[in-house]
Amino acid sequence: MKIGVLVNEGPYTHEASDSAYSFTKAAIEKGHEIYRVFFYHDGVNNSTRLTEPPRDDRHIVNRWSELAKAHNLDLVVCIAAAQRRGIMDENEAKRQGKDAHNLADGFRISGLGQLVEAGIQCDRLVTFGD
Amino acid sequence: MFTSSEDMDTDEGGIVKQFMFVNRKAPYGTIYALEGLEVVLISAAFEQDVSMAFIDDGVFELKKAQDTKELGQKNFSPTYRALEGYDIEKLYVEKESLEARGLTEDDLLVDVIVLDHAEMAAKMAEQDVLISF
């Protein structure tokens, strides 16, 4: 089955990103295709490489990056939601005249059209987060 | 106010799905209503069969005479009136949600279709894609 995943909450405060990660991993292991994981609302906060949890806690951001690398996943962060919350890739930081960028490896920033397109192309779009 | 997708490719090979955006939250207090509306507007570019449902506190999103001056936030409620221009005309509002909040259709700033709980559930069951905010 072709599956799209929508993550609407940030890391740690809510379990949504953990659940989305477990779901995505399990779906891949079962042989399903993950067409895209889209991060919206506070979900964009799952993509900052400046995240540094205590050593005995799981690293939610790195976990996504590693999963993306291992399975060539398309992790897309909504540009409008990201800009509101201070998530920038190098190009966007340059364009906005910012002195830093923080998008983690394996994520890309794009528009909301990518979410709608996933809804059209996938057999199922599965939402995580309230 | 609404930024459009930078790399929007709206040619989806003629696939038309029924998309329903479910609005459950009051317009202010959280960002879900505003960011949800941004998705709805983008979806209009993809020529899909789009509808919106308003349930629970989501019915407040359509309340007339919203005044956000004291909140220091933009009043985005006029955007609901513009939806018609995007061919998004199916706005379903749950009857029980209106009644529980002392609202009637006359309190709303756009024309809507009022459905009871069971009718709303049936309408949701018909959809291909449900995205809720």
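See the structure shown above.
What you are looking at is a predicted structure, and each value in this text was computed from that prediction instead of being measured.

**Some details on the overall build of chain B**
- Across its full length, chain B holds 4 helices and 5 strands.
- Written out in order from the N terminus, the α and β elements of chain B read β-α-β-α-β-α-β-α-β.
- In terms of C-alpha radius of gyration, chain B reaches 15 Å, essentially the compact-globule figure of 14 Å for 133 residues.
- In terms of its C-alpha atoms, chain B occupies a principal-axis envelope of roughly 45 × 40 × 25 Å.
- When burial is assessed residue by residue, chain B has 45% of its 133 residues classed as buried.
- In chain B, the proportion of contacts linking residues at least 24 apart, taken out of those at least 6 apart, comes to 78%.
- Carbon and sulfur atoms provide 47% of the accessible area of chain B, an area that totals close to 6600 Å².

**Focus on the packing of helix H5 (residues 113–121) of chain A against helix H1 (residues 32–43) of chain B**
- Contact geometry of H5 of chain A with H1 of chain B gives a least axis separation of 9 Å together with a crossing angle of 65 degrees. Judged on the interaxial angle alone, H1 of chain B and H5 of chain A are roughly perpendicular. Two packed elements cross with a definite hand, and for H5 of chain A against H1 of chain B that hand is right-handed. Residues Gly 113, Leu 115 and Val 116 of chain A of H5 of chain A form the contact with H1 of chain B, whose participating residues are Val 39, Ile 42 and Ser 43 of chain B.

**Some points on the interface of chain B and chain A**
- Tallying the contact residues gives 25 residues for chain B and 26 residues for chain A.
- Taken together, the two surfaces of chain B and chain A that pack against each other cover about 2100 Å², and 55% of this comes from carbon and sulfur.
- The tally of links between chain B and chain A comes to 3 salt bridges.
- Note that Arg 85 of chain A is salt-bridged to Glu 35 of chain B, the shortest N-O span being 2.9 Å.
- Sorting the residues of the side of chain B that touches chain A by element identifies H1 and strand S5 (129–132) of chain B as the ones contributing at least two each.
- Taken together, the residues of the side of chain B that touches chain A break down into 11 nonpolar, 6 polar and 8 charged.

Reading guide: rules and limits
- Residues numbered from 1 in each chain as written.
- Chains lettered and ligands numbered in written order.
- Predicted model: local features only at pLDDT ≥ 70, side-chain atom pairs only at ≥ 80, totals over all residues.
- Heavy atoms only, no water.
- Helix = DSSP H or I, 4+ residues; strand = E, 2+ residues; numbered from the N terminus.
- Rg over C-alpha atoms; globule rule 2.2 N^0.38 Å.
- Buried < 20%, exposed > 50% of the residue type's maximum accessible area, 1.4 Å probe, protein only.
- Contact = heavy atoms within 4.5 Å.
- Areas by Shrake-Rupley, 256 points an atom, 1.4 Å probe, with all protein chains shown as cover.
- Axes fitted to C-alpha atoms, helices over the stretch in contact; angles between N-to-C directions.
- Parallel < 35°, antiparallel > 145°, perpendicular 65-115°, else oblique.
- Left-handed = near helix turned anticlockwise from the far one by under 90°.
- Buried area = accessible area lost by both parts, 1.4 Å probe.
- Salt bridge = Lys/Arg side-chain N within 4 Å of Asp/Glu carboxyl O.
- Nonpolar A, V, L, I, M, F, W, Y, C, P; charged D, E, K, R; others polar.

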